Amino acid sequence: MTARLQDKVCLITGAGSGIGEASALLFAREGARVAVVDIDHAAALRTVERIHADGGEADARRVDVSDPADTETCARWVVERFGRVDVLFNNAGISGVGDVFETDPDLFDRVMAVNVRGVYLMTRAVAGRMIEGGGGSIINMSSCIAQMGLARRVSYSASKGAVLSMTKSMQVDLAPHGIRVNALMPGTIFTPFVEKYLMSSYPDREQGLAAIRARQLGGELGRPEDVAQAALYLASDESRFMMAAGFIIDGGVTGGR
Ligand SMILES: NC(=O)c1ccc[n+]([C@@H]2O[C@H](COP(=O)([O-])OP(=O)(O)OC[C@H]3O[C@@H](n4cnc5c(N)ncnc54)[C@H](O)[C@@H]3O)[C@@H](O)[C@H]2O)c1
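My aim in this report is to walk through the structure given alongside it, one point at a time. Since this is a predicted model, take the numbers as computed values, not measurements.

1. Re the overall build of the protein
The secondary structure content of the protein amounts to eight helices and seven strands. In summary, the protein has a C-alpha radius of gyration of 17 Å against a globular reference of 18 Å for 257 residues, a match within 12%. Once the C-alpha set of the protein is aligned to its principal axes, its extents read approximately 50 × 35 × 35 Å. When burial is assessed residue by residue, the protein has 51% of its 257 residues classed as buried. Sequence separation of 24 or more characterises 71% of the internal contacts of the protein that already satisfy a separation of 6 or more. Of the roughly 11400 Å² of accessible surface on the protein, 52% is carried by carbon and sulfur atoms. Between the averaged position of the 27 positive side-chain charges in the protein and that of its 31 negative side-chain charges there is a distance of 3 Å.

And the structure:
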């Protein structure tokens, strides 16, 4: 059986940790050559080491997705280094905890800069190169929060709603060029990101975990690998008929409401 991403060049942002890291490992195992991009270079290098130890091909680069110069240099680098780019997984993101009073303008702007502007800038830099190569697949990281109200997530929910809308608009523009654009909408996935917001959102970590588990239909949080499998499907040609979709992977939280 051929690997599901054989010889595809896949650029994953935020691939030094959590969902991005799990996706990088899985994509490489499925035959992809992976550009591991993160603002934390040491973390990106660790992911590359894991891929190499597993017999895969990957290289790392430090990129701040909210910086136009960084994203343009990154797009040039990936084509120079790997010869083409077939998949862009806009996964990098940060959390923002707070209701409308607690969220100061700096936090709001920072969350929007990474989570929304980052998706726009990376796509702007990479999509032209993808078109030159004959098309590809872009996966944008939204969240199931784009479809539901959750307490004290004003900046974060604004950013993930924007990513979902932007995905649909981008898809209309890029479809004639052979590019598919879809969004992933995970629920709560156990990563360092969730560890951080458990600390800032709840007075007690265990109480926070119990509250999150209570809203999962299966009672458990997701794993990074659960989302990586959905990303793999969207990256591969198996999802050729999926366009402008919001792919929910949340243990039933949205559907069960
Ligand atoms: N974990 C969840 O429950 C969950 C749920 C829904 C959506 N998401 C989204 O999934 C994505 C990945 O989350 P995760 O849980 O794996 O988080 P994580 O914190 O484990 O990993 C995020 C990575 O992004 C990198 N990053 C942050 N800012 C960056 C920037 N400006 N430029 C480049 N890289 C940057 C970080 O260094 C980190 O390695 C995020 O967009 C997040 O909003 C997560």
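2. A few points about the packing of helix 3 (residues 68–82) against helix 4 (residues 105–132)
Across the interface, helix 3 lies against helix 4 with an axial gap of 9 Å and an inter-helix angle of 35°. Handedness of the helix 3/helix 4 crossing: right-handed. Taking contact as the criterion, the partners of P68, T71, E72, C74, A75, R76 and V79 in helix 3 are, on helix 4, R117, L121, M122, A125, V126 and R129.

3. Structural notes on the site of the ligand
As a structural note, the neighbourhood of the ligand is formed by 28 residues, with S17, D38, Y156, I189 and T191 the closest of them. One of the backbone N or O atoms of I19 is found 2.8 Å from an oxygen atom in the ligand. Take G187: an N or O atom from its main chain is 3.4 Å from an oxygen atom of the ligand. Bound to the protein, the ligand loses 93% of the 830 Å² it would expose on its own. Elements supplying a minimum of two residues to the shell around the ligand: helix 1 (18–29), helix 5 (154–174) and helix 6 (192–201).

4. Concerning the packing of helix 1 against helix 8 (residues 224–235)
Packing of helix 1 against helix 8 leaves a shortest axis separation of 8 Å and a crossing angle of 55°. Relative to helix 8, the element helix 1 lies oblique. For helix 1 against helix 8, the interelement crossing comes out right-handed. Between helix 1 and helix 8, the contacting residues are G18, I19, A22, S23, L26 and F27 on the first element and P224, E225, V227, A228, Q229, A231, L232 and A235 on the second. Class assignment of the residues belonging to the contact of helix 1 with helix 8 gives a composition of 10 nonpolar, three polar and one charged.

5. Comments concerning the nonpolar core
Counting residues in each nonpolar core, the largest one holds 34 residues, and the members touching the most others are F27, V34, V36, I51, F89 and L184. Elements with a contribution of two residues or more to this core: strand 1 (9–13), helix 1, strand 2 (33–38), helix 2 (41–53), strand 3 (57–62), strand 4 (87–90), strand 5 (136–141) and helix 8. With near-sequence residues (within four places) excluded, F89 lies in contact with L11, I12, T13, I19, S23, I139, M141, L184 and A231. Formed by 29 residues, the second largest nonpolar core is a distinct cluster that contains L11, C74, F82 and A92.

6. Quick look at unusual backbone geometry
One non-glycine residue with positive phi stands out, namely D7, at about 65°. Along the chain, D7 falls in the segment before strand 1. Although it is not a glycine, A244 adopts a positive phi angle of roughly 55°. Its place among the elements puts A244 in the loop between helix 8 and strand 7 (246–249). A relative accessible area of 25% means that A244 is categorised as partly exposed.

7. Side note on the packing of aromatic side chains
Taken as a whole and assessed by the stated rule, the structure comprises four aromatic pairs. Measuring from ring centre to ring centre gives 6.2 Å for W77 and F82, while their planes differ by 80°; the resulting arrangement is edge-to-face. Since its relative accessible area comes to 13%, W77 is described here as buried. Relative accessible area serves as the criterion here: at 4%, F82 is assigned to the buried category. Here the aromatic rings of Y156 and F193 are separated by 5.8 Å at their centres, their planes lie at 50°, and the arrangement is tilted. Linking Y156 in helix 5 with F193 in helix 6, this pair joins segments that are 37 residues apart in sequence. Y156 sits in the buried class, given a relative accessible area of 13%. Taken together, Y156, F193 and Y197 form an aromatic cluster joined through their ring pairs.

Thresholds, definitions, all that
Residues numbered from 1 in each chain as written. Predicted model: local features only at pLDDT ≥ 70, side-chain atom pairs only at ≥ 80, totals over all residues. Heavy atoms only, no water. Helix = DSSP H or I, 4+ residues; strand = E, 2+ residues; numbered from the N terminus. Rg over C-alpha atoms; globule rule 2.2 N^0.38 Å. Buried < 20%, exposed > 50% of the residue type's maximum accessible area, 1.4 Å probe, protein only. Contact = heavy atoms within 4.5 Å. Areas by Shrake-Rupley, 256 points an atom, 1.4 Å probe, with all protein chains shown as cover. Lys, Arg positive; Asp, Glu negative; His and termini not counted. Charge placed at Lys NZ, Arg CZ, Asp CG, Glu CD. Axes fitted to C-alpha atoms, helices over the stretch in contact; angles between N-to-C directions. Left-handed = near helix turned anticlockwise from the far one by under 90°. Near = heavy atom within 4 Å. Polar contact = N/O pair within 3.5 Å; in protein donor to acceptor, adjacent residues only side chain to side chain. Parallel < 35°, antiparallel > 145°, perpendicular 65-115°, else oblique. Nonpolar A, V, L, I, M, F, W, Y, C, P; charged D, E, K, R; others polar. Core = buried A, V, L, I, M, F, W, Y, C linked by side-chain atoms within 4.5 Å. Phe/Tyr/Trp six-rings, centres within 6.5 Å; stacked < 30°, edge-to-face > 60°.

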